Amino acid sequence: MTSKNSQFSNKVMTTWVIVVVCVIAVLGSKQFCESARTRSQSVESRVKGDEGAPVRIMEFMDFQCPACASGALYLKQFMVEHPRAVRLEMKYFPLPMHRHGMESARYAECASRQGKFWLFHDYLVERQTQWKDLIDARPAFMLMARDAAMDTKQLEVCLRDKSIDAVILKDKAEGKKLAVTSTPSYFVNGETAVGKSQLETKLKALLNDSKK
Amino acid sequence: MNLYVLIRFFIGFLFIFSGLEKLLAPYQNFLYVIQSYDVLPDGFETAAALSSPWIELFLGVFLVVGLWTQWVLTGVRVLLAAFIFIVSQAIIRKLPLTECGCFGEFLSLPLPVVVALDSILWVLTVFLSRKIEIVSFMSLDNYFNEKESKSAR
């Protein structure tokens, strides 16, 4: 009986040792991973909002993702209602599962080079349902470029420029370093929020804090 | 080493991998996955996102080292049943989810494949529970049991 009790205590002791070792190992690794996550400089053409705004948001998005469109429309409305509250920076994170993810980012980056990024961005998200299921969405992108009064000849040259892909992939690599796996992912004053619902919760909390 | 032990190791490492992948990323990533399944009330979503990766990790570790194996297998079965329910309801409700989000960015599986995989694992854990003596080969349970019988002699 004593031997049985002693073996049971040994098992419980071993359990605690395993639990403590696991917790220390995971928390240590997590700390290491977080310290390795660094952010790059902003690209001015893809930034909007008051420079002194108390809320800084960095957004990683894929233009073909429906949740990104919903998040972008919400953010746009929020920025209209609270014009001095938010400074938003947008980064590309095209997902391989989206056929037009990369292509739409290329057009957006070319719009950025003509100083029309946000206008084109808004067209892409507002009209997403019209182009996301197309086999070839390029005519739809071209139409949006014309609506945004972009120089289409310059746009065609830009689309052939390989450095466009490099810009997009650099953003995506930065997102991966920051542990972005889904879109839309936001960094609100440095804190992660994934999806519109988490963003809403964070922004509401920040607004309430600022009112206190 | 026998097939049952190999299956025990396989399920254990799968749970360790799945738990670790979620624990090392910001918890908001997994919270987003849970929110996408739209099955838990708001307050519980965060609690589930914070706790379930730890549960997965501990179940996996205890299964690999073979400590409290019978209890751990029951825990694994409960968790697998929960996964099967959550993913199935998403399929039935036709939620706009293209992949499960179970292994983060490392492995992307469509929902029906996840239900099939989890169901197979669930059946395997039932077999393991029934053959617990064979499963306990190369386990801490076995080590403590042998120690106990030696000291009883």
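This is a predicted model, so every value here is computed, not measured.

### Digging into the overall build of chain B
Here is step 1 of the chain: Scanning chain B from terminus to terminus reveals seven helices and zero strands.
Here is step 2 of the chain: Along chain B, from the amino end to the carboxyl end, the secondary structure elements read α-α-α-α-α-α-α.
Here is step 3 of the chain: Along the three orthogonal principal directions, the C-alpha set of chain B runs to about 60 × 25 × 25 Å.
Here is step 4 of the chain: Residue burial in chain B is summarised as follows: out of 153 residues, 47% are buried.
Here is step 5 of the chain: Pairs at least 24 apart in sequence give 73% of the contacts found in chain B among residues at least 6 apart.
Here is step 6 of the chain: Accessible surface, chain B: about 7800 Å² in total, of which carbon and sulfur atoms supply 72%.
Here is step 7 of the chain: Both charge centroids of chain B, one from 10 positive and one from 12 negative side chains, sit 12 Å from each other.

### Observations concerning unusual backbone geometry
Here is step 1 of the chain: Here the amide bond leading from Thr-183 of chain A into Pro-184 of chain A is cis, since omega sits at -5 degrees, within 30 degrees of zero.
Here is step 2 of the chain: With respect to the helices, strands and loops of the structure, Pro-184 of chain A is situated in the loop between α8 (162-177) and β4 (185-188).
Here is step 3 of the chain: In the Ramachandran plot, Asn-189 of chain A falls in the positive-phi region, its phi being about 45 degrees despite a non-glycine side chain.
Here is step 4 of the chain: With respect to the helices and strands, Asn-189 of chain A occurs in the loop between β4 and β5 (191-194).
Here is step 5 of the chain: Taking relative accessible area as the criterion, Asn-189 of chain A reaches 39% and is therefore assigned partly exposed.
Here is step 6 of the chain: One non-glycine residue, Lys-94 of chain B, lies in positive phi territory at about 55 degrees.
Here is step 7 of the chain: Examined against the element boundaries, Lys-94 of chain B turns out to sit in the loop between α4 (69-92) and α5 (111-130).

### Some points on a nonpolar patch on the surface
Residues and elements named next belong to chain B.
Here is step 1 of the chain: On the surface, a cluster of nonpolar side chains totalling about 520 Å² of accessible area is made up of Met-1, Leu-3, Leu-6, Phe-137 and Met-138.
Here is step 2 of the chain: Summarising the element assignment, Met-138 is placed in the loop between α6 (132-135) and α7 (140-152).
Here is step 3 of the chain: Note on Met-138: relative accessible area 44%, which makes it partly exposed.

### Some points on the interface of chain A and chain B
Here is step 1 of the chain: Between chain A and chain B, the residue contacts involve 34 residues of the former and 27 residues of the latter.
Here is step 2 of the chain: With both sides pooled, the region where chain A packs onto chain B buries about 2600 Å², and carbon together with sulfur makes up 66% of that total.
Here is step 3 of the chain: It is Gln-7, Lys-11 and Val-26 of chain A that lose the most area in chain A upon contact with chain B, and together they represent 22% of the buried surface on that side.
Here is step 4 of the chain: The interface formed by chain A and chain B holds one salt bridge in total.
Here is step 5 of the chain: Of the charged contacts, one joins Lys-11 of chain A and Asp-141 of chain B as a salt bridge, the two residues approaching to 3.0 Å between their closest N and O atoms.
Here is step 6 of the chain: At 18 residues, helix α1 (residues 2-35) of chain A tops the list of elements feeding residues into the side of chain A that touches chain B.
Here is step 7 of the chain: Across the side of chain A that touches chain B, the residue classes tally to 15 nonpolar, 13 polar and six charged.

### A closer look at the sheet that holds β4 of chain A
All names here are of chain A.
Here is step 1 of the chain: Across the sheet, five strands lie side by side as β1-β3-β2-β4-β5; this open sheet has mixed pairing. Each end of this open sheet is capped by a strand with a single partner; those strands are β1 (47-49) and β5. Direction aside, the axes of adjacent strands within the sheet are offset by 20 degrees on average.
Here is step 2 of the chain: In the sheet, strand β2 (residues 55-61) pairs with β4 via four bridges, with the strands oriented antiparallel. Bridge pairing in β4 places Glu-59 opposite Tyr-186.
Here is step 3 of the chain: Against the sheet, α8 contacts β2 and β3 (86-92), and its axis sits at roughly 110 degrees relative to β3.

### Details of the packing of aromatic side chains
Residue and element names in this part refer to chain A.
Here is step 1 of the chain: Scanning all chains against the criterion turns up 12 aromatic pairs over all chains.
Here is step 2 of the chain: Ring centres 5.0 Å apart and planes at 50 degrees place the aromatic pair Tyr-107 and Phe-141 in the tilted group. Taken together, the residues Tyr-107 in helix α3 (residues 101-113) and Phe-141 in helix α6 (residues 138-147) connect sequence positions 34 residues apart.
Here is step 3 of the chain: In this structure Phe-141 comes out as buried when scored by relative accessible area, which is 0%.
Here is step 4 of the chain: Three or more aromatic residues joined by ring pairs form one cluster here, namely Phe-63, Tyr-92, Phe-117 and Trp-118.
Here is step 5 of the chain: Across the ring face of Phe-93, the terminal group of Lys-172 is positioned such that the distance to the ring centre comes to 5.2 Å.

### With respect to the domain arrangement of chain A
Here is step 1 of the chain: Looking at chain A, the domain boundaries give domain 1 (1-36) and domain 2 (44-211).
Here is step 2 of the chain: Of note, the centres of domain 1 of chain A and domain 2 of chain A, computed from C-alpha atoms alone, are 44 Å apart.

The rules behind these values
- Residues numbered from 1 in each chain as written.
- Chains lettered and ligands numbered in written order.
- Predicted model: local features only at pLDDT ≥ 70, side-chain atom pairs only at ≥ 80, totals over all residues.
- Heavy atoms only, no water.
- Helix = DSSP H or I, 4+ residues; strand = E, 2+ residues; numbered from the N terminus.
- Buried < 20%, exposed > 50% of the residue type's maximum accessible area, 1.4 Å probe, protein only.
- Contact = heavy atoms within 4.5 Å.
- Areas by Shrake-Rupley, 256 points an atom, 1.4 Å probe, with all protein chains shown as cover.
- Lys, Arg positive; Asp, Glu negative; His and termini not counted.
- Charge placed at Lys NZ, Arg CZ, Asp CG, Glu CD.
- Patch = residues over 30% accessible without salt bridge, like charges linked within 9 Å, V, L, I, M, F, W, Y side chains within 5 Å.
- Salt bridge = Lys/Arg side-chain N within 4 Å of Asp/Glu carboxyl O.
- Buried area = accessible area lost by both parts, 1.4 Å probe.
- Nonpolar A, V, L, I, M, F, W, Y, C, P; charged D, E, K, R; others polar.
- Pairing = 2+ DSSP bridges.
- Axes fitted to C-alpha atoms, helices over the stretch in contact; angles between N-to-C directions.
- Phe/Tyr/Trp six-rings, centres within 6.5 Å; stacked < 30°, edge-to-face > 60°.
- Lys NZ or Arg CZ within 6 Å of the ring centre and 35° of its normal.
- Domains from an automatic or database assignment.

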